[in-house]
Amino acid sequence: MRRVTIKDVAKDAQVSIATVSKVINDKGYVGKDTRDTVLKSIQRLGYSVNANARSLKASKSNKIAVLTSDISNPYLMSIAKDVEEMIRSLGSHMILLSHNDDPQLEREALKIIMEQQVDALVIIPTGENGDMIESIQKKNIPVIAIDRQVNEVDTDLIVDDNYYGSYECMHYLHRLGHETVGIIYGHERNSIGRERLYGAVDAVKELRMDDRESLVLEADFKEAEAYRATIELLMNPKPPTAIYSCNNTMTKGVLKAVRDQELRIPEDVSVIAFGDNVQWELIEPKLTLMTQPMKRIGMEASIMLKNRLTLKEQFDVQKKVMKPSLVEGASCKTI
């Protein structure tokens, strides 16, 4: 069924579109009889006010989009929570969407965001769809990217030093005597996947550790894929003495696989992971983690957003890279 428009209401009530707009927005004088006629037409036709059309007349929609990659990831949702608090303090409302690290789903979400006439976009991007991000920027809508970059597009950005974090994880395992380490990474389609992979691989080569290709497996940042990759590593004729997981979601798959193989951490295999420590507080043995400064990232992303929305002067693209830090647990042993 065709959507009823303001033009249909004006025709039914035999008034101008401008008069209908005045009644809808309660702005400007309209006589009581005319107002009643317009309201009856609206009710009879089932017309609903288009919030986006209304926002075209305003300088601000008071809507800010937050597009994340995974709403089940506590680290990412903690950042979204910090951003939401800033959005509320600015008198705006948050529109939260997720793309599940799928570029096509991200593209569909970005279309919705553009239709909503948002005042700003905070995004944890897939890395792709740069053309749509640029289209949003050309409308003078600020874009703040968190956790990873949009490929070949310059936006405000706040990220971990992912290369450094992975590089240091491998050096830590090497100091403990591990020469054969399994690496479970996400993918190479975006900056976070590439940098965490390259940091680990470069350290392996530099330290002259076992660099067999069979020890480096892609898991697409997914728990199920990481589970499969871990089983593959553990069934290797020369299995690794340690496994490095490149993010929290994949770490869940790693831990489940080790358990299902009836192996013990760290007695049978050591495990180290890149991620925050909040969701692992109750896990025994305590995981050794390359931890992300979660609260700082959320806070500083929020300040970036506030500056873009409230400061009148123009300023250059802001980029902030934060170094993660190693927190030793009991999941890695000396050999």
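Heads up: the structure comes first, above all this text.
The structure contained in this document is the topic of the report that follows. Numbers given for residues are sequential positions, taken from 1 along each chain in its written order. This being a predicted model, a pLDDT of at least 70 is required before a residue's local features are given, and a value of 80 or more before pairs of side-chain atoms are given or counted; all residues contribute to the totals for chains, interfaces and linings. Here the side-chain values reflect all heavy atoms present in the structure, with hydrogen atoms and water set aside.

## Some details on the pattern of salt bridges
Each reported salt bridge corresponds to a side-chain nitrogen of Lys or Arg within 4 Å of a carboxyl oxygen of Asp or Glu. What the rule picks out here adds up to 23 salt bridges. Between Glu232 and Arg228 there is a salt bridge, with its nearest N and O atoms 3.1 Å apart. Taken together, the residues span about one helical turn, with Glu232 and Arg228 both in helix α10 (residues 223-234) at a distance of four residues. Here the term buried applies to any residue with accessible area under 20% of the maximum for its type, exposed to any over 50%, and partly exposed to those in between, with areas from a 1.4 Å probe on protein chains only. Among the residues examined, Glu232 registers a relative accessible area of 40% and is labelled partly exposed. A network of salt bridges, in which partner residues are shared, links Lys81, Glu84 and Arg88. Here a strand is any run of E in DSSP of at least two residues, a helix any run of H or I of at least four, and the numbering for each starts at the N terminus.

## Some points on the nonpolar core
Definition used in this section: a nonpolar core is a set of buried Ala, Val, Leu, Ile, Met, Phe, Trp, Tyr and Cys residues joined via side-chain atoms within 4.5 Å. Judged by nonpolar contacts, the single largest core of 44 residues is most densely connected at Met170, Leu173, Ile184 and Tyr244. Taken together, the elements giving at least two residues each to this core come down to α8 (162-175), β6 (181-185), α9 (191-207), α10, β8 (242-245), α11 (248-260), β9 (270-274) and β10 (288-291). If you tally residues by element for this core, the top one is α9, at six residues. Should any heavy atoms of two residues lie within 4.5 Å, those residues are considered in contact. With residues up to four places along the chain from it excluded, the contact list for Met170 reads Val181, Ile183, Ala200, Ala203, Val204, Leu207, Met209 and Tyr244.

## Let's talk about helix α5 (residues 74-89)
Between its first and last C-alpha, α5 extends 23 Å over 16 residues, near the 22 Å set by a 1.5 Å rise per residue. By the burial criterion, the buried members of α5 are Tyr75, Leu76, Ser78, Ile79, Ala80, Asp82, Val83, Glu84, Met86 and Ile87. Polar contact criterion, stated in full: a pair of N or O atoms within 3.5 Å, where within protein one must be able to donate a hydrogen and the other to accept it, and residues adjacent in sequence count only if both atoms are side-chain atoms. Backbone nitrogen of Tyr75 and a side-chain oxygen of the N-cap are separated by 2.9 Å at the start of α5; the cap is Asn73. Backbone geometry just downstream of α5 places Gly91 in the positive-phi region, at approximately 75 degrees. Helix span is expected to be 1.5 Å times the residue number reduced by one.

Everything listed is a geometric property; what it means functionally is a separate question.
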